[in-house]
Amino acid sequence: MGVAETARPTVRGMSREELLGLPAAVDLETANRALGLGRSKGYELAKRGQYPCRVLRLGNAYRVVTAELQALLGLAA
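This write-up is about the structure you can find in this document.

Conventions and cut-offs
- Residues numbered from 1 in each chain as written.
- Predicted model: local features only at pLDDT ≥ 70, side-chain atom pairs only at ≥ 80, totals over all residues.
- Heavy atoms only, no water.
- Buried < 20%, exposed > 50% of the residue type's maximum accessible area, 1.4 Å probe, protein only.
- Helix = DSSP H or I, 4+ residues; strand = E, 2+ residues; numbered from the N terminus.
- Arc of directions from axis to C-beta.
- Contact = heavy atoms within 4.5 Å.
- Phe/Tyr/Trp six-rings, centres within 6.5 Å; stacked < 30°, edge-to-face > 60°.
- Lys NZ or Arg CZ within 6 Å of the ring centre and 35° of its normal.

Examining helix H2 (residues 28-35)
Now for step 1: Taken together, the buried positions of H2 are Leu28, Ala31, Asn32 and Ala34. Angularly, the buried residues of H2 cover 160° about the axis, an arc narrow enough to put them on a single face.
Now for step 2: Looking at the buried positions of H2, the neighbouring elements they touch are helix H1 (16-20), strand E1 (25-27), helix H3 (39-48), strand E2 (55-58), strand E3 (61-65) and helix H4 (66-72).
Now for step 3: Phi turns positive, to about 75°, at glycine 36, one or two residues after H2.

Structure, rendered in structure tokens:
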């Protein structure tokens, strides 16, 4: 396999309708998908406090406030 053919998971973005239909807070996986981030990169940014919007830590889970995610993406709430 050449460099261009290396197996990487495809990150599928979200449509405007999907983004506007999200609940008040979403898990990090959903926010990563909306931003086009891979799982590892999203968790790395969250752990470093460098995620592009505010991340809440609830026990062992990360949650992203949907209104902030939508604002970052330029969507009216």
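Once you've had a look at it, read on.
What to know about the environment of methionine 14
Now for step 1: In this structure, methionine 14 sits in the segment before H1.
Now for step 2: Between the C-alpha atoms of methionine 14 and leucine 35, which are 21 residues apart in sequence, the distance is 8.3 Å.
Now for step 3: Those residues in contact with methionine 14, other than ones at most four positions away along the chain, are Leu19, Leu22, Thr30, Arg33 and Ala34.

A short note on the packing of aromatic side chains
Now for step 1: In the structure shown here, the tally under the stated rule is one aromatic pair.
Now for step 2: When the ring of tyrosine 43 is compared with that of tyrosine 62, the centres are 5.8 Å apart and the planes differ by 65°; the resulting orientation is edge-to-face. Placement of the pair is tyrosine 43 in helix H3 and tyrosine 62 in strand E3, with a sequence separation of 19 residues.
Now for step 3: When its relative accessible area of 10% is taken as the criterion, tyrosine 62 is described as buried.
Now for step 4: Its end group placed over the ring of tyrosine 62, arginine 57 keeps NZ or CZ at 4.7 Å from the ring centre.

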